[in-house]
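# Understanding the architecture of this molecule
Listed below are the residues making up each chain.
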Amino acid sequence: MKVHYNGEDKAADLSSFLRSMQGHDLNSYAYALLNNFNVEINRHRFIVSYDAQKSSAKAIRFYASYRNNEESRLRNADKNNNDNANNSPLEARASSAIPSTPSKNGAEKRQEELLHKATSGIKDAAATVVEILTEFEGNNNAQYVLTAAIAKSPVDKNSKFLFFYHASPAQSSKFEMAVAATAQVPQLSEMNFMRSEKEDPAMQIAAEAMWGENAQSGAKISIKAKLEQSEQRKQYIANHPQAEQCRKQMEQRDYALNACRNVTARSNALDEYSLTIKYEKIPQKLMNATYQLYRIARYAGFAYNSENVVAVSNQADQLKVRVNIAEDHKSVNVSIEAPHANSQFNNLPLSNMAKHILIQNAQYDVDQRVGYAAFNGQYNPVCVADGSSGQTFDNKTYPLNLEKDSWYVLMTSAPKQRKDNRVDYKTQRQENVTILVKQSGENKKELKIVLNNGEHVIDMQ
């Protein structure tokens with residue numbers, strides 16, 4: 001089998017790479033390279049060819065399927081609204097990802113099973129299932145099936161992921177893998193620092209994987225993780241100068257200025273992690289690879305590492321890991337309890353980028369945290385019309401005095417400048433956005449979003 005590709009995207013060359021590096025440091029360029037994809041619509045062509053003379057298979061069949069539960073959500077909308085959200089974390093059982101049949105004829109039933117299992121226990125869950133099946137027909141038939149489902153909800157803290165892979169090769173043993181993962185992530189205040197101080201930002205994650213010729217009786221790994229915020233971190237945030245500045249701003253009815261946004265995000269950062277990993281029938285190659293990774297970590301952090309391999313009586317087939325990050329996020333302690341040894345890394349220094357990758361926050365995904373660090377807080381710049389103040393995209397703050405029932409321009413888009421300093425009016429017409437604001441009452445504002453020079457208007461109160 002051969003795969004050939006051609007398309008209209010420009011090929012990369014060294015000179016273009018060096019020119020694009022200008023004006024960036026290494027961090028910001030790496031992030032921009034990963035996230036600023038070409039928005040142009042270009043032609044792409046993939047040619048997959050199969051040479052029958054070099055294979056014993058007489059036919060190859062590909063199947064791909066995608067479905068969701070949107071129709072059932074709409075039918076059960078009233079019931080979903082009346083149900084209470086589940087406040088308890090869901091269990092992750094890999095066996096729940098194993099369908100009743102892996103065959104092609106049972107595809108629809110298999111996908112419905114996974115959709116139902118993925119949404120179980122989650123209020124008003126929006127779920128999606130994807131399946132890819134490949135069959136080789138000949139003297140010895142072969143089949144490969146991959147099915148995955150994910151479910152999450154805008155009103156429930158719980159989410160779930162299920163994965164199943166089945167391989168029946170023509171000339172080797174069958175292989176199966178089943179994975180289940182659940183997460184409980186709280187929905188936190190983003191615009192009220194005083195409220196966020198009272199909320200619990202803790203997250204819980206569970207995962208289980210089984211694999212082998214028969215997944216049910218093969219190797220197994222289960223992981224339970226709890227991510228919390230320490231009392232020391234809470235006190236550190238409460239006494240931070242930015243917290244005091246935010247409290248003063250909130251007294252002036254300003255809840256969304258830069259100080260409050262920053263300290264609210266900081267108040268939801270988690271700094272204490274505990275993981276318990278249990279395993280059964282793990283292949284020796286995987287055990288050796290895990291130990292090699294530990295050796296690399298021990299070598300890299302030898303100045304901060306201490307070990308105890310004498311008189312250790314930890315539980316067999318279990319690994320415990322604790323991570324404690326300093327209240328100022330400048331260093332981290334890591335302790336590992338293995339069956340035959342204990343290891344600690346104390347006061348490991350954290351670089352600015354490592355800090356944003358490692359420290360979890362329910363409000364922000366890792367790409368947002370890394371983008372914030374790479375672009376010096378300007379990854380997603382915002383402008384604000386707050387209670388008594390306004391703030392521009394570049395963080396300039398000024399008093400905001402709006403007359404009642406009069407519209408003011410809060411934001412409008414500007415034509416994009418090309419490299420030859422010409423204005424791209426075509427893009428300007430297609431992406432024109434203007435946002436208007438007016439004071440409609442005491443502590444109340446209305447927004448009007450105007451798209452494409454008035455072609456679409458959205459009113460918000």
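Residues numbered from 1 in each chain as written. Predicted model: local features only at pLDDT ≥ 70, side-chain atom pairs only at ≥ 80, totals over all residues. Heavy atoms only, no water.

Per an unreviewed UniProt entry, the protein goes by Vitellogenin-2-like and derives from Diaphorina citri.

## Considering the overall build of the protein
Defined as follows: Under the scheme used here, helices are H or I runs from DSSP no shorter than 4 residues and strands are E runs no shorter than 2 residues, and both carry numbers assigned from the N terminus. Here's how the labels work: a residue is buried when its accessible area is under 20% of the maximum for its type, exposed when over 50%, partly exposed in between, all with a 1.4 Å probe on protein chains only. Residue contacts are counted whenever heavy atoms from the two residues lie within 4.5 Å of one another. Here the open area of atoms and residues is found with the Shrake-Rupley method and a 1.4 Å probe, where only the protein chains shown may cover a residue.
Along the backbone of the protein there are 13 helices and 23 strands. Relative to its full complement of 461 residues, the protein shows a buried share of 34%. Intrachain contacts of the protein at a sequence separation of at least 6 include 60% that bridge at least 24 residues. For the protein, the accessible area works out to roughly 29,000 Å², and carbon and sulfur atoms hold 51% of it.

## Observations concerning the pairing of strand β14 (residues 341–349)
Note on strand geometry: in a regular strand, side chains alternate between the two faces of the sheet. Here is the rule we go by: Between any two strands, at least two bridges found by DSSP are needed for them to pair.
Sheet analysis places strand β11 (residues 305–308) next to β14, joined by four bridges and oriented antiparallel. What sits directly across from Asn 308, in β14, is Asn 342. Linking strand β13 (residues 331–338) to β14, which pair antiparallel, is a turn of two residues.

## Looking at helix α8 (residues 241–251)
Rule in force here: As used here, the arc is the angular range of directions from the helix axis to the C-beta atoms.
Where α8 is concerned, the buried positions are Gln 242, Ala 243, Cys 246, Arg 247, Gln 249 and Met 250. Angular distribution of buried residues about the axis of α8 spans 160°; they occupy a single face of the element. Turned more than 90 degrees away from the buried face of α8 sit Pro 241, Lys 248 and Glu 251, all of them exposed. Buried positions along α8 lie against α6 (193–198), α7 (231–238) and α9 (258–267). Arg 253, located one to two residues past α8, shows a positive phi value of around 70°.

## A short note on the pattern of salt bridges
Our working definition: Counted as salt bridges are all cases of a side-chain nitrogen of Lys or Arg within 4 Å of a carboxyl oxygen of Asp or Glu.
Going through the model one piece at a time under the given rule, you end up with 12 salt bridges. The partner of Glu 91 in a salt bridge is Arg 93, and the shortest N-O contact between them spans 2.6 Å. For Arg 93, a relative accessible area of 49% puts it in the partly exposed group. Between Lys 234 and Glu 231 there is a salt bridge, with the nearest N and O atoms lying 3.6 Å from each other. A residue pair is termed a helical-turn pair when its members lie 3 or 4 positions apart in one helix, as Lys 234 and Glu 231 do in helix α7 at three residues.

## Digging into unusual backbone geometry
Unlike most non-glycine residues, Lys 281 shows phi in positive territory, near 55°. Summarising the element assignment, Lys 281 is placed in the loop between β10 (272–280) and α10 (284–300). Phi is positive for His 329, close to 65°, though the residue is something other than glycine. Along the chain, His 329 turns up in the loop between β12 (318–325) and β13.

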